[in-house]
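# Understanding the architecture of this molecule
The lines below spell out each chain.
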Amino acid sequence: MTLWVLTIVGLAALIAVDFFIGRKPHEVSIKEAGVWTVVWITLAGLFGLGLLVFGGGRPAGEFFAGFITEKSLSVDNLFVFVLIMAKFAVPTQYQQRVLLVGVLIALVLRAVFIAAGAAIITSFSWVFYLFGAFLIWTAWKLIQEARSDEEDEEYEENKLLKAAERKFGVADRYHGTKLWIRQNGKRVMTPMLVVMLAIGTTDVLFALDSIPAIFGLTQDPYIVFTANAFALMGLRQLYFLIGGLLRKLVHLSYGLSIILGFIGVKLVLHALHESGVHVPEISIPVSLGVICAVLVVTTVTSLLASRKQAAAEAAHAGEDTRRSGVDV
């Protein structure tokens, strides 16, 4: 209990520092986003080293495997965050505040998911079969989506958000960083609050695969929570740092599907082992190696494919210009 309290207090202090440094609405520069991204990754690395020193190699390995997995899955969240920002036309200077509060809401909701998942796993070992099958199904679904030709996606508000908008009403414009205002004698939400809730509640959908995925790497609720916390808290800065790079990660869905499928198989093997069936289990070092290798290969192939596509489009545009010149 003491460890939990100290960890939560420490995370709260870091979040408070992050909030007060960036409390004034402003457009986040690449330099600022880069510095804070390095800070959060460094803090995660120091935390993992602390686990290595005080807990040994196994918990440290589980944390790093979980952190890298959650971080890679959270990058996929950024695609949806971009759609949400566009949907609600969030002014640039307010985006960092929206993301901070939205991520905090997501962290609280994930804590609830983690507590529920830990309780279920403790009581019912067969749930590993369910988690494993769900991850394998999610991996297949990701591949199908990646192979589809749908380019222009739109964000659609979830039922909870629509219900809140109907009940409280929404102002017709942004009022700085205010969350509530009085309009025609009635207290209504501002678009700022709506978009914060949109980001926070949308993350619940991502938690449906990320939480089972990390439970496939470790069953320690403390490691699951801290890996999620460090992955999420650096997400805001990552949004501004690689916002322009997201469209170039064309193979990201394939990489994530391989990772989820791999962890799904690992969960099924673990469930069989727990049931008394003699099957090989995948160790944490192997899991960490596979996850890192998949991410590196996916990133490299994505950038090469994007560069090739850009060159082809430039050549096509040049050809069209030359033809139009001939026609004239």
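Throughout what follows, the structure given in this document is the object of discussion. Every value quoted in this text rests on a predicted model; they were computed, and no experiment measured them. (Residues numbered from 1 in each chain as written. Predicted model: local features only at pLDDT ≥ 70, side-chain atom pairs only at ≥ 80, totals over all residues. Heavy atoms only, no water.)

Quick look at the pattern of salt bridges now. Within this structure, the stated rule accounts for 2 salt bridges. As a salt-bridge pair, Arg58 and Glu62 come within 3.3 Å of each other at their nearest N and O atoms. Residue Arg58 and its partner Glu62 are located together in helix H3 (residues 57-87), separated by 4 residues, close to a single helical turn. Assessed through its relative accessible area of 60%, Arg58 is described here as exposed. Look at Glu62 and you get buried, because its relative accessible area is 8%. For Arg110, the salt bridge is made with Glu70, and the minimal N-O distance between the two is 3.1 Å. Remark: Glu70 occurs in helix H3 and Arg110 occurs in helix H4 (residues 95-123); sequence separation between them is 40 residues. The same class applies to Arg110 as to Glu70, namely buried. (Salt bridge = Lys/Arg side-chain N within 4 Å of Asp/Glu carboxyl O. Helix = DSSP H or I, 4+ residues; strand = E, 2+ residues; numbered from the N terminus. Buried < 20%, exposed > 50% of the residue type's maximum accessible area, 1.4 Å probe, protein only.)

Let us now look at the pairing of strand S2 (residues 186-189). Here strand S1 (residues 180-183) runs beside S2; their pairing, made up of 4 bridges, is antiparallel. Across the sheet, Gln183 pairs through a bridge with Lys186, a residue of S2. What sits between the antiparallel neighbours S1 and S2 is a turn of 2 residues, in which Asn184 has the positive phi angle 55°. (Pairing = 2+ DSSP bridges.)

At Ala89, a residue that is not glycine, the phi angle is positive and equals roughly 50°. Position of Ala89 among the secondary structure elements: in the loop between H3 and H4.

Between its first and last C-alpha atoms helix H10 (residues 252-274) spans 33 Å; for 23 residues at 1.5 Å apiece the expected length is 33 Å, and the two agree. Looking one or two residues past H10, Gly276 carries a phi angle of roughly 100°, positive in sign. (Expected span 1.5 Å × (residues − 1).)

Attention now moves to the environment of Tyr129. Looking at the element boundaries, Tyr129 is found in helix H5 (residues 127-147). In this structure Tyr129 comes out as partly exposed when scored by relative accessible area, which is 30%. Residues Tyr129 and Leu269, 140 residues apart in the sequence, show an inter-C-alpha distance of 8.7 Å. If sequence neighbours within four positions are ignored, Tyr129 has contacts with Val268, Ala271, Leu272 and Ser275. (Contact = heavy atoms within 4.5 Å.)

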